[in-house]
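Report on the structure
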2 protein chains.
Amino acid sequence: MSDHDEATGTRGWGPPYLLYLGAEADDLAIKTARGLAFWRPEWCVGQLRRSDNPLTLGLPDMAPAQARAAGANTMVIGIANVGGMMSEETVADIIVALDAGLNVIAGLHQKLRDNPDIVAAARRNGRTLFDAREANRPIPIGNGRKRPGRRLLTVGTDCSIGKMYTALALERSMRQRGLPADFRATGQTGIFVAGDGIPVDAVIADFVAGAAELISPARNDEGWDLIEGQGSLFHPLYAGVSLGLLHGSQPDALVLCHEPTRRHMRGLPECPLPDLARCLEANLAAARLTNPSVKAVGIALNTSGISPGEALTACQAISDRLGLPCQDPVTMGVETIVDHLLASCAG
Amino acid sequence: MSDHDEATGTRGWGPPYLLYLGAEADDLAIKTARGLAFWRPEWCVGQLRRSDNPLTLGLPDMAPAQARAAGANTMVIGIANVGGMMSEETVADIIVALDAGLNVIAGLHQKLRDNPDIVAAARRNGRTLFDAREANRPIPIGNGRKRPGRRLLTVGTDCSIGKMYTALALERSMRQRGLPADFRATGQTGIFVAGDGIPVDAVIADFVAGAAELISPARNDEGWDLIEGQGSLFHPLYAGVSLGLLHGSQPDALVLCHEPTRRHMRGLPECPLPDLARCLEANLAAARLTNPSVKAVGIALNTSGISPGEALTACQAISDRLGLPCQDPVTMGVETIVDHLLASCAG
């Protein structure tokens, strides 16, 4: 059922999208759908949710047949519940969507193609299934050689802290300035947004650096790859993924992402977040192994948990302390970070 | 075809072994075979190599049928070439071995069971295939919590530099002193030597720290787990695996392994080896995330490339500079390192 048979581009699936929320009542569980609706609103024709679901993305509610009639190509299973399993109800909804002529893509741990009823429905309708949590292409061992092109990687004090949003905000800002700039996706939501990418945390450990080389190949147009970081060098369970991606990305520039109200590392109540300066220095030290001229160019602060006034104060304090621009990419944009990037990495 | 269906022990395969060298002319590429011949000579009845192959383990050359007649149970594909693929010639040799009645085990990235001709030959002869580079058990996400027991991890300035030899030498020395001590295998050769273990570089990247927790579970007997390290924090392609293993191992003690004639990181001619003090400090800094009291207890120097006199001088110079015992585990043993370990980590 693989439809992703070349190194770039999508096969079979793509926008316009119908976003599936199902019965998920937890805002974190629909973060994939919310990310798509936020970054690619022009691709999203509607949402499908159970009638008693209080969550909404503000899109028209549609059944699959309605969405198909409105031009939808693909239904996105935009949920990420604990355990990553599909309920019976979700399976039934997916089959209805396939029978209505939609392709279906998902990023759950449980794979679409491992469900025989879903596979049968896709076959009888000639539709495409795509599991974004699988590396759908052969991944070579990296070669470690410096390659042409300019790269920025977003790194974080923790998991789920704004690394994808920051990379996408940088792409938007740089394109608005007329610069060649491409977001490079390394996680499921990013892959749906970009239409391409590799879920690096699902790659065999020996191939993470190779996956990073594939995600961000040589480029010669003076443009920038804006690579979505994963995990954190200071998360005891996922630091290996972060380090492999850091080395393989060979970044020229790093932006550090942080959330000031986060009390402990995600999932580990006894494990505090690292100090920003220490976290930045550790990332720079590790990055120098594959790119000795790497620079930190900014801090992206997720201020959704504090007031606008507190956010400005927090950004100013961090900026003063670290000597780098600090902004919330969602509420403040990233213009000062892009200014600093272009000034620091000119020529 | 999986025959490794419990947490410990081997199923179907086992010694006595015929060691397959094939056409590999690079000494590093036959390190699996060499490691088995060195640590378990009593298990190795012969070697199989192409007639023009100048490398030897000093074992009798045997065809599979001869080896079978001499009592061999299993042929070990003891090669580890870059990329981990089997040549057509190797595939043909494996089929001959299966037809001669031998089981076959290998640790290449390319799996025995993914080759239909090999699988067919195993079936028709009722023989076992075992791929040591697959995690033959479900691996949970780690939990990151400190667990009881004492752990030593061998780390290195590069890949293939003596981390397994050092851990096995420490096990031997500590057992000779009557201490409870267990080698914990994390790579293909170690798994063949120990009969158990998890190939951490073949685990999905998100699960490396979880694999380390499984390899070295809680222990309450005052004994030591001697964990085989992988890669190097300074190898641009494999540092992620090294870091995940370092965090998940929660080591109390580190031994740094080095080879003084190595000119560059394995496979990367443009990439120099790190300075020993810098490498040790980077490993200690990263290890403190999950065990703040981690200590360096010694340096293991692979002196096979220099004379015995030079080896003594080199060990003394390193010992003076770093303030730690330094020995070649193969030619000098590890007694001063064990002395220092027991003195440093007492109580």
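Above: the structure in question.
None of the values given here were measured: they were computed from a predicted structure.

What follows concerns the interface of chain A and chain B. The interface is formed by 32 residues belonging to chain A together with 33 residues belonging to chain B. Buried surface at the junction of chain A and chain B, both sides included, amounts to about 2500 Å², of which 66% is carbon and sulfur. Connecting chain A to chain B are 0 salt bridges. Our enumeration of links across chain A and chain B arrives at 4 residue pairs in polar contact (both at pLDDT 80 or more). Counting residues per element, the ones that place at least two in the side of chain A that touches chain B are α7 (208-215) and α8 (239-249) of chain A. Here the element with the most residues in the side of chain A that touches chain B is α8 of chain A; it accounts for 6 residues. Tallied by class, residues from the side of chain A that touches chain B come to 19 nonpolar, 8 polar and 5 charged.

Turning our attention to the pattern of salt bridges. Taken as a whole, this structure holds 42 salt bridges over all chains when the rule is applied. Between Arg113 of chain B and Glu134 of chain B there is a salt bridge, and its shortest N-O distance comes to 2.2 Å. One end of the pair, Arg113 of chain B, is in the loop between β4 (103-106) and α4 (116-125); the other, Glu134 of chain B, is in the loop between β5 (129-131) and β6 (150-156), and 21 residues separate them in sequence. Between Arg219 of chain B and Asp182 of chain B there is a salt bridge, with the nearest N and O atoms lying 3.0 Å from each other. Linking Arg219 of chain B in the loop between α7 (208-215) and β8 (224-227) with Asp182 of chain B in strand β7 (residues 181-184), this pair joins segments that are 37 residues apart in sequence. A relative accessible area of 11% means that Arg219 of chain B is categorised as buried. Asp182 of chain B gets classed as partly exposed once you look at its relative accessible area, which sits at 23%. What emerges from the salt-bridge pattern is a single network uniting Arg40, Glu171, Arg175, Asp182, Arg184, Arg219, Asp221 and Asp225 of chain A.

This part covers the packing of aromatic side chains. The description of an aromatic ring pair uses the distance of the two centres, along with the angle that the planes make with each other. Using the criterion set out here, one finds 12 aromatic pairs over all chains in the structure. Geometrically, the ring pair formed by Tyr17 of chain A and Trp43 of chain A is edge-to-face, given 5.9 Å between the ring centres and 75° between the ring planes. Of this pair, Tyr17 of chain A sits in strand β1 (residues 17-22) while Trp43 of chain A sits in the loop between α1 (31-39) and β2 (44-49), and the two are 26 residues apart along the sequence. On the basis of an interplanar angle of 20° and a centroid distance of 4.7 Å, the ring pair of Trp13 of chain B and Phe130 of chain B is categorised as stacked. In this pair, Trp13 of chain B sits in the segment before β1 (17-22) while Phe130 of chain B sits in strand β5, placing the two residues 117 residues apart along the sequence. Grouping residues by exposure puts Trp13 of chain B and Phe130 of chain B together as buried. Pairwise contacts between aromatic rings join Trp13, Phe130 and Phe192 of chain A into one cluster.

Parameters and conventions
Residues numbered from 1 in each chain as written. Chains lettered and ligands numbered in written order. Predicted model: local features only at pLDDT ≥ 70, side-chain atom pairs only at ≥ 80, totals over all residues. Heavy atoms only, no water. Contact = heavy atoms within 4.5 Å. Buried area = accessible area lost by both parts, 1.4 Å probe. Salt bridge = Lys/Arg side-chain N within 4 Å of Asp/Glu carboxyl O. Polar contact = N/O pair within 3.5 Å; in protein donor to acceptor, adjacent residues only side chain to side chain. Helix = DSSP H or I, 4+ residues; strand = E, 2+ residues; numbered from the N terminus. Nonpolar A, V, L, I, M, F, W, Y, C, P; charged D, E, K, R; others polar. Buried < 20%, exposed > 50% of the residue type's maximum accessible area, 1.4 Å probe, protein only. Phe/Tyr/Trp six-rings, centres within 6.5 Å; stacked < 30°, edge-to-face > 60°.

Functional significance is not addressed by these values, which are geometric in nature.
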